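# Examining the three-dimensional arrangement
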Amino acid sequence: MLEKLKYLSTLYNSGKFLELQAILQSFQEEEIEQNKNLLKLCLLNANQLENSSRCVHLSKIYLTKYNLDYEIVLIFYINAEKSKSLNIFNENYLELLNNINFKNINKVNKIENLINFLLSKNEGELALLTVKQLLKKKEGDFKLTYFLTGQVLYRLRKYRASLFWFLKLFCIDETNLRISIEIGNIYNLLRDKKNAIEYLHRASKIDSLKPRAYKILSTIYNYKKEINHFNEMIKFAMKNNEKEEDSYLLNFAISKAYEDKHDYKSAHYFFTKANLQKNMQLPEGINIFKNEIEFFCNLYKNKKLFLFKKTIADFRPIFVVGLPRSGTTLIDRILSYYLIPQNHNDL
């Protein structure tokens, strides 16, 4: 059997999927299920041939019978999505989690890939189930576990719960200034300006984190009064490499500062510059943006908005849209303060 498997694997690696399929059909289903390697080979070949229903069936068997494989989870989900049978994946996911050897997965950080994949598919609740199981089993890299938990809760707009895990991680490793920027961002969303400024200034000690930290700080400061930070941003902009991925954030921050100072000509210059830089990144990032929009809209499906105990059927969500710097944030804050206790901030 071992020699036969080697031959079948050679066919698969050579891309001879149809030839391999013809041989695999000679095996009995029970024989396939009892052999882990043969089952995985059948599954991978069915995926190459885009046989979604077969992939869903074999994935379910493999993941419940043998130790979970990150690659198989992705195949299971993608093919369940294609065959419109995501309910099968969702119903079996908790059982799949029980079969995960988190310790082995964490060695190659594949659990992080799994969670990011689920978040990209707007499966926030499944990602939350994953981190809960990770916390329960207490296996693998606990720092990664805390970070992933904070990340998932943040994506679900559970900011206070997210802050708890990021602060817990920061207490363990205060040298990790990348966590500091996450904490500062959440404090800002919670309207705690004092703590937001403290943690964002810590993060800005690293040049690679400065653009994002400055962008968030620019939403807090009024640059009519705050001269020192304005000068700090200009000084950094003069030496910053504009080809860096986040350099557009720095230009957005500077444009806001000039707007506060009523220097609209300079504000327009930096704003235009930032938009051009951002547009150059759109071909790669547009799908992420679309997923963010879809995720945001899905939050309101079959969910109460806690307004006088009425549901979405009684109170439709309000979406405030418009160009950057056109007053959408101000309208959002007015509505949040006076009318709507459940707001979800900017996309």
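Residues numbered from 1 in each chain as written. Predicted model: local features only at pLDDT ≥ 70, side-chain atom pairs only at ≥ 80, totals over all residues. Heavy atoms only, no water.

Take the overall build of the protein next. When its secondary structure is counted, the protein shows 19 helices and zero strands. For the protein, the residues scored as buried account for 42% of the 347 residues in total. Within the protein, contacts between residues separated by at least 24 positions form 55% of all contacts whose residues are at least 6 apart in sequence. Here the protein displays about 20,200 Å² of accessible surface, and carbon together with sulfur accounts for 53% of that area. (Helix = DSSP H or I, 4+ residues; strand = E, 2+ residues; numbered from the N terminus. Buried < 20%, exposed > 50% of the residue type's maximum accessible area, 1.4 Å probe, protein only. Contact = heavy atoms within 4.5 Å. Areas by Shrake-Rupley, 256 points an atom, 1.4 Å probe, with all protein chains shown as cover.)

Where helix α1 (residues 2–13) meets helix α4 (residues 36–48), the closest approach of the two axes is 11 Å, and the angle between their N-to-C directions is 20°. Classified by the angle between their axes, α1 and α4 sit roughly parallel to one another. Taken as a pair, α1 and α4 cross one another with a handedness that is left-handed. In this structure, α1 uses L5, L8, S9 and Y12 to contact α4, whose residues at the interface are N37, L38, L41, L44, N45 and Q48. Residues that form the contact of α1 with α4 fall into these classes: six nonpolar, four polar and no charged. (Axes fitted to C-alpha atoms, helices over the stretch in contact; angles between N-to-C directions. Parallel < 35°, antiparallel > 145°, perpendicular 65-115°, else oblique. Left-handed = near helix turned anticlockwise from the far one by under 90°. Nonpolar A, V, L, I, M, F, W, Y, C, P; charged D, E, K, R; others polar.)

Turning our eyes to something else, we now look at helix α6 (residues 70–82). Look at α6: 19 Å from first C-alpha to last across 13 residues, which is about the 18 Å you get at 1.5 Å a residue. Y70, I72, V73, L74, I75, F76, Y77, N79 and A80 are the residues of α6 that are buried. The first or second residue beyond α6 is K84, which carries a positive phi of 55°. (Expected span 1.5 Å × (residues − 1).)

Bringing the environment of W165 into the picture now. Considering the arrangement of structural elements, one finds W165 in helix α12 (residues 159–172). For the pair W165 and F147, spaced 18 residues apart in sequence, the C-alpha separation works out to 7.0 Å. Once residues within four sequence positions are removed from consideration, W165 is found in contact with L135, Y146, T149, G150 and L153.

This paragraph deals with helix α17 (residues 247–260). Between its terminal C-alpha atoms α17 stretches 21 Å, which fits the 20 Å expected from 14 residues at 1.5 Å a residue. With 13 of its 14 residues buried, α17 lies for the most part within the structure. Just past α17, the residue H262 takes up positive phi, approximately 65°.

Inspection of the secondary structure puts I61 in helix α5 (residues 52–65). For I61, a relative accessible area of 16% corresponds to the buried category. Put simply, I61 and L39 are 22 residues apart on the chain and 8.7 Å apart in space, counted from C-alpha to C-alpha. If sequence neighbours within four positions are ignored, I61 has contacts with E33 and L39.

Moving on, we come to the pattern of salt bridges. Applying the stated criterion across every chain, the model contains six salt bridges. Linking E29 and R54 is a salt bridge whose minimum nitrogen-to-oxygen distance equals 2.9 Å. Of the two residues, E29 is situated in helix α3 (residues 29–34) and R54 in helix α5; the sequence distance between them amounts to 25 residues. Exposure remark for E29: the relative accessible area of 32% places this residue in the partly exposed category. A relative accessible area of 23% places R54 in the partly exposed class. Put simply, E182 and R212 hold a salt bridge, and the shortest N to O gap is 3.0 Å. Pair noted here: E182 is in helix α13 (residues 177–189) and R212 is in helix α15 (residues 210–218), with a separation of 30 residues, a long-range link. (Salt bridge = Lys/Arg side-chain N within 4 Å of Asp/Glu carboxyl O.)

Here we come to the confidence of the model for the protein. Detailed reading of the predicted coordinates is not advisable wherever pLDDT falls low. Looking at the protein as a whole, its pLDDT mean stands at 79, while 81% of the residues score no less than 70. In this model, residues 302–313 is a region of pLDDT below 50 whose contacts with residues beyond four sequence positions or in other chains number 15 contacts. (pLDDT = per-residue confidence, 0-100.)

Glancing now at the packing of aromatic side chains. Aromatic rings considered in pairs are described by the distance between their centres and by the relative angle of their planes. This structure, assessed with the given rule, holds 17 aromatic pairs. With a centroid separation of 5.7 Å and 70° between ring planes, the pair formed by F142 and Y146 is classed as edge-to-face. Highlighted residues: F142 and Y146, both in helix α11 (residues 142–155), separated by four residues, approximately one helical turn. Given the relative accessible area of 42%, F142 is considered partly exposed. In textbook terms, an aromatic cluster arises when at least three aromatic residues are bridged by ring pairs, as seen for F76, Y77, F89 and F117. The lysine or arginine in question, R202, covers the ring of Y199, its NZ or CZ lying 5.1 Å from the ring centre. Over the aromatic face of F230 sits the side chain of K261, whose NZ or CZ is 4.7 Å from the ring centroid. (Phe/Tyr/Trp six-rings, centres within 6.5 Å; stacked < 30°, edge-to-face > 60°. Lys NZ or Arg CZ within 6 Å of the ring centre and 35° of its normal.)

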